Amino acid sequence: MWNRKKKNKPLHTPLSEQQLWERYFFERHSLDTLLKWSKRLKYFRYCRAYGGHVGDGDCLLIAIRIQSEEELHEVFEQLDLPMIGISPDSSSSTTAKWTYPQIEHPKHVIIAGVKAFIWMYPDRVKLSITNLEHPVEVTETSVFAAERLEPYLTPLVHLMIDPPQDDRYCFIAEDWR
């Protein structure tokens, strides 16, 4: 809407880049809600979707460092996940540029009754939880599921990368207090 007295000047002051960012970041959950969730969770961090054409969604995320195949085995063993091998002649696209090409990515898994998604990178394993009904959102149900899963992750705390995603899309409570 334009002001009739002052031609070509908007009635509202344009938002700053920071204000636009905060509007996006807190669009689904208030700062208060994210602070409450962060007090309840030891390891998982809320990560906002990158958005746009990326096709991702919000999630609760952890990252576990792996620097060797032994550490990868330790992670799989603790999470009670089988390490599924890939035959050398496999043309699976999930093995491209992968440090351990003989091991298949777990993807969608159930750990301690909690549905999660796991993807492996050369230096880390990322485990995420979303809402089952709306897989691009994080809800109270997602936080409850993460709380149920965290005791199974405690033995891996020495391998945890915090924050799991080192950018402004990952909510760190200390940055907002």
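Everything below is about the structure shown above.
Cut-offs applied
Residue positions are given per chain, counting from 1 as you read along its sequence in written order. Local features in a predicted model are, by the rule used here, given only for residues with pLDDT of at least 70; side-chain atom pairs are given and counted only at 80 or more, and totals for whole chains, interfaces and linings are based on all residues. Heavy atoms throughout the structure, all of them, feed into the side-chain values; hydrogens and water do not. Counting from the N terminus, the helices are the DSSP runs of H or I reaching at least four residues and the strands are the DSSP runs of E reaching at least two. Only heavy atoms enter the contact rule, under which two residues are in contact if any of them lie within 4.5 Å. Type-normalised accessible area, obtained with a 1.4 Å probe on protein chains alone, sets the label of each residue: buried when under 20%, exposed when over 50%, and partly exposed for intermediate values. Whenever a nitrogen or oxygen atom comes within 3.5 Å of another N or O atom, the pair is scored as a polar contact, on the condition that within protein one atom can donate a hydrogen and the other can accept it, and that pairs from neighbouring residues in sequence are kept only if both atoms are in side chains. Just to be clear on terms, a salt bridge is a Lys or Arg side-chain nitrogen sitting within 4 Å of an Asp or Glu carboxyl oxygen. If DSSP finds at least two bridges between two strands, the strands pair.

**Quick notes on the overall build of the protein**
Turning to step 1, where the next piece is worked out: Each helix and strand in the protein was counted, giving 4 helices and 6 strands.
Turning to step 2, where the next piece is worked out: Along the chain direction, N to C, the helices and strands of the protein fall in the order α-α-β-β-α-β-β-β-α-β.
Turning to step 3, where the next piece is worked out: Look at the contacts in the protein between residues 6 or more apart in sequence, and 60% of them connect residues 24 or more apart.

**Quick word on the side chain of Arg48**
Turning to step 1, where the next piece is worked out: With respect to the element layout, Arg48 can be found in the loop between β1 (45–47) and β2 (59–65).
Turning to step 2, where the next piece is worked out: Since its relative accessible area comes to 3%, Arg48 is described here as buried.
Turning to step 3, where the next piece is worked out: A distance of 2.7 Å separates a polar atom in the side chain of Arg48 from a polar atom in the side chain of Glu27.
Turning to step 4, where the next piece is worked out: Ignoring any residue separated from it by four or fewer positions in sequence, one finds Arg48 in contact with Tyr24, Phe25, Glu27, Arg28, Asp58 and Tyr169.

**What to know about the pattern of salt bridges**
Turning to step 1, where the next piece is worked out: Per the stated rule, a full pass over the model turns up 9 salt bridges.
Turning to step 2, where the next piece is worked out: The residue Arg45 makes a salt bridge to Asp162 at a minimum N-O spacing of 2.7 Å. Of this pair, Arg45 sits in strand β1 while Asp162 is found in the segment after β6 (160–161), placing the two residues 117 residues apart along the sequence.
Turning to step 3, where the next piece is worked out: Judged by its relative accessible area of 48%, Asp162 falls in the partly exposed class.
Turning to step 4, where the next piece is worked out: A salt bridge links Arg124 to Asp123, with the shortest nitrogen-to-oxygen separation between them at 3.2 Å.
Turning to step 5, where the next piece is worked out: What makes Asp123 partly exposed here is its relative accessible area of 37%.
Turning to step 6, where the next piece is worked out: Salt bridges sharing common partners tie together Glu27, Arg28, Arg48 and Asp58.

**Structural notes on the pairing of strand β4 (residues 114–121)**
Turning to step 1, where the next piece is worked out: Burial along β4 is one-sided: Val114, Ala116, Ile118 and Met120 are buried, while Lys115, Phe117, Trp119 and Tyr121, pointing the other way, are not.
Turning to step 2, where the next piece is worked out: The pairing of strand β3 (residues 107–111) with β4 spans 5 bridges and is antiparallel. When the bridges of β4 are listed, Lys107 appears paired with Ile118.
Turning to step 3, where the next piece is worked out: What sits between the antiparallel neighbours β3 and β4 is a turn of 2 residues, in which Ala112 has the positive phi angle 50°.
Turning to step 4, where the next piece is worked out: Sheet topology places β4 next to strand β5 (residues 124–129); 5 bridges connect them, and they run antiparallel. Counterpart to Phe117 in the pairing with β5 is Ser128.
Turning to step 5, where the next piece is worked out: The hairpin turn running from β4 into β5, its antiparallel successor, is 2 residues long.

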